[in-house]
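Fold and geometry: a report
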Amino acid sequence: MCDSCGCSQPVNSVTIRRPGQAMPAPDAAGHHHSHQAQGRVVEVREAVLGKNDGIAAHNREFFKERRIVAFNLVSSPGSGKTTILERTIRALREEIPMAVIEGDQQTMLDAERIDATGVPVVQVNTGAGCHLDADMVHQALHQLDLGENSLLFIENVGNLVCPAMFDLGEAAKVVIISVTEGEDKPLKYPAMFDAASLCLINKTDLLPHVDFDVARCREYGLRVNHHLEFFEISAKTGEGMPAWLDWLRSQI
Ligand SMILES: Nc1nc2c(ncn2[C@@H]2O[C@H](COP(=O)(O)OP(=O)(O)OP(=O)(O)O)[C@@H](O)[C@H]2O)c(=O)[nH]1
Ligand SMILES: [Mg+2]
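These figures come from a predicted structure and were not determined experimentally. Each chain has its residues counted from 1, following the order in which its sequence is written. Chains carry letters from A onward and ligands carry numbers from 1 onward, assigned in written order. Since the coordinates come from a predicted model, pLDDT governs what is reported: local features require at least 70, and pairs of side-chain atoms require 80 or more to be given and counted, while whole-chain, interface and lining totals use all residues.

Within the chain one finds eight helices and seven strands. Taken over the C-alpha atoms alone, the chain extends approximately 60 × 45 × 30 Å along its principal axes. Scored against the burial criterion, the 252 residues of the chain give a buried share of 36%. By the convention adopted here, residues make contact when the C-beta atoms placed from their backbones lie within 7 Å. Here the analysis covers contacts within the chain between residues at least 6 apart in sequence; of these, 73% occur between residues at least 24 apart. Runs of E in the DSSP output that reach at least two residues are strands. Runs of H or I that reach at least four are helices, and both are numbered from the N terminus. Partly exposed residues are those whose C-beta has more than 12 but fewer than 20 other C-beta atoms within 10 Å; with 20 or more the residue is buried, with 12 or fewer it is exposed, and the C-beta atoms are placed from the backbone.

So this is what it looks like as structure tokens:
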């Protein structure tokens, strides 16, 4: 397990090396867990993820019966998930019924921002937890008045690592990267970009002020996931938003 967050990261995937040093052979990976301990880690990991996948399948069935399309929005903290949702909801609220589940370790701040747009919202506070899991979404669904044929946005906890592993029952993961984060993120956090279907490159209004190579970011994203689609947007100015809104319309 990942000791800091208990999120079932397998320790035997860890490698430690200096620049220029060749990739160590798998057994010399720098970890010191016995085979017995490794076996136990894998068992616990499979149990955690297996239980999660079962509940995710239940959520997915619930969505299917009601023709609800759910998107899991994932990114590092502050890339603009809530701002994108605010703008998206204001643009589509007369057209499509929508609801939001907000995930943060603490506070109701994001739920309050969504509440101001007038759509139903539930906040999940994960406390020490670094990701939403399917059971949290299941419980939140019981508190949401979700109409048929609606769009559900699940804003995950800001974290580019752990949410990649947890299926919530969504139709697709949408990963957001903002131009202040550096274009290397798809290579550094490949699990997330591999798990996502769509990548929003946000805060393009800041491009004149930062060293962010959009073409290279796309190339890195495609290197880890050649099905990944991209839209470049500014949730602040609205530039590029119509393509994202059309993509959403095409999903329902
Ligand atoms: N310049 C600029 N700022 C933006 C844009 N989108 C969001 N921001 C700003 O970025 C900051 C973080 O935005 P949020 O929408 O709260 O980001 P988030 O991903 O929801 O953050 P967490 O929920 O904390 O992970 C805020 O100050 C926003 O105003 C954008 O397109 N351009
Ligand atoms: Mg947010």
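The next subject is the site of ligand 1. Taken together, 18 residues sit near ligand 1, with Gly 80, Thr 82, Thr 83, Gly 158 and Lys 236 positioned nearest. It is helix 2 (residues 81-92) that contributes the most residues to the shell around ligand 1, three residues altogether. Under the scheme applied, nonpolar residues are Ala, Val, Leu, Ile, Met, Phe, Trp, Tyr, Cys and Pro; charged residues are Asp, Glu, Lys and Arg; polar residues are all the others, including Gly. For the shell around ligand 1, the per-class residue count stands at three nonpolar, nine polar and six charged. By convention here, the C-beta atom is placed from the backbone, and a residue is near a molecule or strand when that atom is within 6 Å of it.

When you tally the buried positions in strand 4 (residues 151-155), you get five out of five residues, the bulk of the element. What you see with strand 4 is no split at all: Leu 151, Phe 153 and Glu 155 on one side and Leu 152 and Ile 154 on the other are buried throughout. In this analysis, strands are considered paired if DSSP registers two or more bridges between them. As judged from the five bridges shared by strand 1 (residues 69-75) and strand 4, these two strands associate in the parallel manner. Counted as the bridge partner of Asn 72 is Ile 154 from strand 4. When strand 2 (residues 98-104) meets strand 4, the two strands line up parallel, connected through five bridges.

This next bit is on the sheet that holds strand 6 (residues 198-202). The sheet built from seven strands is open, its strands ordered 3-2-4-1-5-6-7 with parallel pairing. The open sheet terminates on both sides in strands that have one partner only, identified here as strand 3 (121-125) and strand 7 (229-232). Across this sheet, the average inter-strand angle for adjacent strands is 20 degrees, counted without regard to direction. All axes are obtained by fitting lines to C-alpha atoms, using only the stretch in contact for helices, and the reported angles, taken between N-to-C directions, cover 0 to 180 degrees.

Moving on: helix 2. Residues spaced three or four apart along an α-helix face the same direction, because each turn holds 3.6 residues. Each residue after the first adds 1.5 Å to the expected span of a helix. Taking 1.5 Å per residue as the helical rise, helix 2 with its 12 residues ought to reach 16 Å, and the 16 Å between its terminal C-alpha atoms agrees with that figure. Of all the positions in helix 2, only Lys 81, Thr 82, Ile 84, Leu 85, Arg 87, Thr 88 and Ile 89 are classed as buried.

Once that is clear, we can look at the environment of Lys 51. With respect to the helices, strands and loops of the structure, Lys 51 is situated in helix 1 (residues 35-65). It is 35 Å that separates the C-alpha atoms of Lys 51 and Arg 17, two residues lying 34 residues apart in sequence.

Backbone geometry places Arg 67, a non-glycine residue, at a positive phi of 50 degrees. Along the chain, the position of Arg 67 falls in the loop between helix 1 and strand 1. The phi angle at Lys 203 is positive, at roughly 70 degrees, despite the residue not being glycine. Within the secondary structure, Lys 203 is located in the loop between strand 6 and helix 7 (214-224).

So, about the packing of helix 2 against helix 8 (residues 241-251). For the pair helix 2 and helix 8, the least separation of the axes is 11 Å and the interaxial angle reads 65 degrees. In terms of orientation, helix 2 and helix 8 fall into the roughly perpendicular class. By crossing handedness, the relation of helix 2 to helix 8 is classed as right-handed. Residue-level contacts link Arg 87, Thr 88, Ala 91 and Leu 92 of helix 2 to Met 241, Leu 245 and Leu 248 of helix 8. Partitioned by chemical class, the residues of the contact of helix 2 with helix 8 number five nonpolar, one polar and one charged. To sort the angles, those under 35 degrees are grouped as roughly parallel, those over 145 as roughly antiparallel, those from 65 to 115 as roughly perpendicular, and the leftovers as oblique. Helix crossings get a hand from a simple test, with the near helix turned counterclockwise from the far one by less than a right angle marking a left-handed crossing and a clockwise turn marking a right-handed one.

Before going further, it helps to examine the environment of Glu 65. Inspection of the secondary structure assignment puts Glu 65 in helix 1. A sequence separation of 84 residues divides Glu 65 from Asn 149, and the C-alpha atoms of the two residues are 9.8 Å apart.

Moving on, we come to the nonpolar core. Nonpolar cores are built from buried Ala, Val, Leu, Ile, Met, Phe, Trp, Tyr and Cys residues. These are joined into a set through C-beta atoms within 7 Å. Grouped together as the largest cluster of nonpolar side chains are 53 residues, with contacts concentrated most on Val 137, Phe 153, Ile 154, Val 175 and Leu 200. Of the residues forming this core, the biggest block, five residues, is contributed by helix 4 (residues 134-141). Residue contacts for Leu 200: discarding those within four places in its chain leaves Ile 84, Val 174, Ile 176, Phe 231, Ile 233 and Trp 244.

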